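One letter stands for each residue in the lines below.
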Amino acid sequence: MATSTQVPLTISRETVEGISKRRDEPEWLRQTRLDAVAALDEVDLPDVIETPGRRWTNLEDLDYETLVDPDTQADQTERVGPEGVVVTDFETALDDHPEIVEEHFGSITDPETNYLTALSTALFTTGTFVYVPEGVDAEDVTIRAEMNSRSLFSQTLVVAEESSSVTILERIENGGAQSAPEVDGERYFSNLVEVAAGENAYVQYGSLQVLDEDVYNFSLKRGETETYATIDWIEGNIGSRLTRADIETELEGDAAETQIVGAFFGHEDQHFDINARVWHHGEHTTADLVTRGVLDDEARSVYEGVQDVGRDAWDTNSYQRENTLMLSDDSEADASPKLIIHNHDTEASHSATVGQVDQEDLLYMTSRSIDPEQARNMLVEGFFVPVLEEVAVDELREDLQAEITARLD
Amino acid sequence: MSSEQDELQSTDTEARFDFKKEEKSAFESEKGLDEETIRLISEDKDEPEWMLERRLRALKQFQAMPMPNDWPEAPDLSEVDVDEIVPYIRPDIEARGGADNWEDLPEEIQDTFDKLGIPEAEKNALSGVGAQYESEIVYQNMQERWEDKGVVFCDMDKAVQEHEEILKEYFMTQAVPPSDNKFAALHGAVWSGGSFVYVPEDTTVEMPVQAYFRMNSEGMGQFEHTLIVAEENSEVHYIEGCSAPKYSAFNLHCGGVEVFVKENAHVQYSTVQNWSKNTYNLNTKRAIVEEEGRMEWISGSMGSKATMLYPSSMLKGRGASDNHITIAFAGEGQDIDTGAKVYHNAPETKSTIESKSISKDGGRTNYRGLVHIADGAEGSSTAVECDALMFDNESTSDTMPYMEINESSVDVAHEATVGKIGDEDVFYLQSRGLDDDDAKQMIVSGFIEPITEELPIEYAVELNRLVELEMEGSLG
């Protein structure tokens with residue numbers, strides 16, 4: 001909030017025109033990009049929490065001038081989709097499904113939401129388009145994205161039509177030295193995801209971020225539900241130097257539901273700023289927010305959870321839990337779970353805890369001749385169980401678990 | 001930032017609000033409040049030079065600081081017009097605040113006094129209309145008993161003259177420096193009246209010390225300053241204000257409270273605030289708690305148009321503890337934004353915060369709280385519990401806790417619930433012969449009981465009566 005509209009870096013119209021031209025984009029998208037670049041002068045960096053004498057995340061301190069190199073973007077993205085579902089890169093989507101893309105692109109997340117979304121819209125060169133036609137009950141879609149450049153901007157759009165269902169599993173990582181021999185040191189990855197869930201549709205979007213630990217990562221995932229629709233998010237953050245991740249659902253239609261499940265495990269000097277937000281607009285809507293995180297070494301976490309119940313959101317159920325486990329004395333955890341309730345016909349609760357490994361549990365295990373370090377690791381793995389249990393997709397759960405185990409070794 | 005600004009900020013405590021944004025504030029044209037006015041106030045009170053200097057310094061800070069309007073969902077303060085302040089604080093201007101006659105008070109205020117069953121003389125005194133009333137005698141008696149023990153209880157103006165050394169040390173230097181926030185700065189410039197309480201070592205003051213008795217002596221009491229120093233092993237319970245509504249034509253109440261809890265001392269500070277519903281109630285209250293000391297803040301916020309109040313405790317010594325109990329009740333047109341702030345700056349410190357809020361007829365309540373656990377405060381624990389009850393769909397209930405944890409060996413828990421009044425509960429009570437209103441009233445009484453039972457009986461009775469009146473919607 002205190003950051004003024006000073007532009008961290010200069011992006012010229014020509015740069016943006018160049019990207020659009022090389023990709024042979026339609027006029028509307030070219031214009032959207034140009035509007036976004038023009039907006040850079042007017043919009044602020046994302047809001048971060050400020051309390052007396054303290055700013056929880058310093059996005060303004062990033063050296064965008066060095067980090068952002070729009071013309072060298074490179075990625076290697078594998079997309080696997082089942083029968084009956086469209087899963088393509090953005091350029092193909094613009095050729096094959098121009099109307100659907102035009103209708104939904106930027107409709108869930110306004111490109112001018114903040115400086116980083118505008119930057120992303122202006123510069124994106126990769127991303128995925130997923131389209132699930134009416135009534136299709138799809139198998140899993142997997143997206144494996146490798147970042148191979150100084151900076152990479154990705155834009156993903158998921159459109160699930162009436163009574164369809166789909167699970168999307170996304171893994172974000174860096175290419176090895178072979179794919180990007182020239183690129184190391186500080187890098188910037190930006191990932192915008194929009195999900196439009198039609199009437200009675202079900203979308204599950206699971207994301208596992210295991211970027212190199214000198215990558216600055218900005219991600220905003222946002223969905224809108226129509227009547228009876230459900231969007232479930234799973235957000236796993238293991239990698240990156242600094243992550244600012246916002247996971248948001250607008251429960252527009254009546255009886256819509258959402259779940260946001262989050263897990264993070266920070267070590268060394270990693271910084272995670274995780275924000276889970278739900279807006280209840282329709283009647284009879286339900287939200288469940290569950291996040292668990294572990295911090296070791298000098299890692300730092302910031303968590304904001306918002307449950308916003310609108311004036312007309314009769315019969316709302318909304319729950320939120322956040323738990324942080326601190327393994328090191330040098331780690332820091334900030335948390336702010338917020339309730340904003342405008343309708344009294346609501347059952348809402350939230351809770352948050354911060355603590356360390358229970359000494360009695362540890363004593364019990366060591367007294368059973370388990371090595372102290374192993375005992376601690378077992379307790380950490382146990383700490384994540386309530387979150388892992390919420391992950392319905394075996395593959396994602398196993399991957400997440402493997403990352404947690406790897407970090408403990 | 002200019003060097004002057006740097007210098008102004010130099011008295012900051014860790015708890016200073018860090019407003020960076022330069023805002024066009026409602027106070028931009030501050031032609032009304034100037035140095036001359038401050039000098040006049042100080043001269044009229046025959047204050048020593050150092051106090052005048054502190055006032056002038058605070059004025060500069062007030063003028064330099066932005067309004068706190070970049071807070072998320074903060075109450076709207078745009079109607080606060082500080083220009084109006086001058087006639088109420090300048091000693092050379094005849095027209096003071098309040099009404100001259102009982103009949104001039106707004107009808108709903110007169111009505112509330114009647115309904116609370118407060119006697120005529122007291123009514124006049126409490127409402128700021130009359131002069132002294134008979135409790136002065138009671139006060140005198142208590143005074144003598146305390147004096148034997150070395151307890152000081154006097155008004156702040158007198159304290160400036162008679163206890164200069166203590167005041168020099170404590171007055172707006174450590175707990176609430178004017179640089180804390182814009183309204184603390186305003187308070188530092190124009191403060192008037194209030195109480196000074198000094199409790200010597202190993203002394204227990206059995207009776208609650210009530211500011212109540214003295215309210216009238218300093219006119220409006222809108223900028224009153226309370227300073228409590230509780231020396232080692234002492235104990236005191238201080239009660240501020242009263243549940244009767246206070247009316248003033250000038251709509252800003254901007255008090256300051258500083259409490260020093262020394263080693264192993266125990267201070268309880270209770271407030272039931274019922275400002276009339278045209279008032280902006282913007283107070284800064286802070287305690288500094290030394291080793292094994294204990295601070296308890298008990299607050300009921302019933303009145304005012306908008307309240308922004310976050311009593312805070314700096315737990316500075318090992319084993320210091322804090323307990324907050326807060327009730328907020330917002331009816332039509334009210335925005336009660338209140339909560340707690342606790343800094344755990346030493347090992348084994350402990351805090352518990354219990355907040356209950358009720359919103360009704362379009363009112364808004366918000367729990368806004370901050371718990372900070374500093375690096376090195378190992379073995380500290382904090383538990384925050386917020387419950388909110390909503391009556392209808394026009395009302396709003398927000399909960400905004402902030403937790404900053406820089407130490408791993410801690411136990412931090414926050415819990416909040418929001419719900420409507422249970423239809424089943426109402427139905428049950430109705431089936432036992434209560435009508436709808438009585439049933440709801442009973443549920444509310446039960447909801448706030450954990451708090452009322454912490455209050456001295458006469459206060460609890462008044463608070464309950466007040467809630468009943470609010471529930472009937474019969475108060476203005």
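Residues numbered from 1 in each chain as written. Chains lettered and ligands numbered in written order. Predicted model: local features only at pLDDT ≥ 70, side-chain atom pairs only at ≥ 80, totals over all residues.

### Topic: the overall build of chain B
Within chain B, the regular secondary structure consists of 13 helices and 20 strands. The buried share of chain B, reckoned over its 476 residues, is 53%. (Helix = DSSP H or I, 4+ residues; strand = E, 2+ residues; numbered from the N terminus. Buried ≥ 20, exposed ≤ 12 C-beta atoms within 10 Å, placed from the backbone.)

### Brief notes about the nonpolar core
The biggest cluster of nonpolar side chains holds 221 residues, and the ones touching the most others in it are Val158 and Val203 of chain A together with Val197, Ile228, Val261 and Val267 of chain B. The greatest single-element share of this core, amounting to seven residues, is contributed by strand S9 (residues 187-197) of chain A. Contacts of Val197 of chain B, omitting those with residues within four sequence positions, involve Val152, Phe153, Val209, Ile228, Val236 and Tyr238 of chain B. (Core = buried A, V, L, I, M, F, W, Y, C linked by C-beta atoms within 7 Å. Contact = placed C-beta atoms within 7 Å.)

### Digging into the interface of chain A and chain B
Listed per partner, the contact involves 38 residues of chain A and 39 residues of chain B. At the level of secondary structure, the elements contributing two or more residues to the side of chain A that touches chain B comprise strand S1 (50-51), strand S19 (332-341) and strand S20 (346-356) of chain A. Sorting elements by how many residues they give to the side of chain A that touches chain B places S20 of chain A first, with eleven residues. Looking at side-chain class alone, the side of chain A that touches chain B contains 14 nonpolar, 15 polar and nine charged residues. Pairing between S20 of chain A and strand S20 (residues 410-420) of chain B: eight bridges, direction antiparallel. Looking across to S20 of chain B, one finds that Gly355 of chain A is bridged to Asp411 of chain B. (Nonpolar A, V, L, I, M, F, W, Y, C, P; charged D, E, K, R; others polar. Pairing = 2+ DSSP bridges.)

### Some thoughts on unusual backbone geometry
Residue and element names in this part refer to chain A. Despite not being glycine, Asp297 shows a phi value in the positive range, around 50°. Its location among the elements puts Asp297 in the loop between strand S16 (286-295) and strand S17 (300-309). In this structure Asp297 comes out as partly exposed when scored by C-beta crowding, with 15 C-beta atoms within 10 Å. Positive phi is not limited to glycine here, since Ser369 has a value of about 65°. Checked against the element boundaries, Ser369 lands in the loop between helix H7 (359-367) and helix H8 (372-388).

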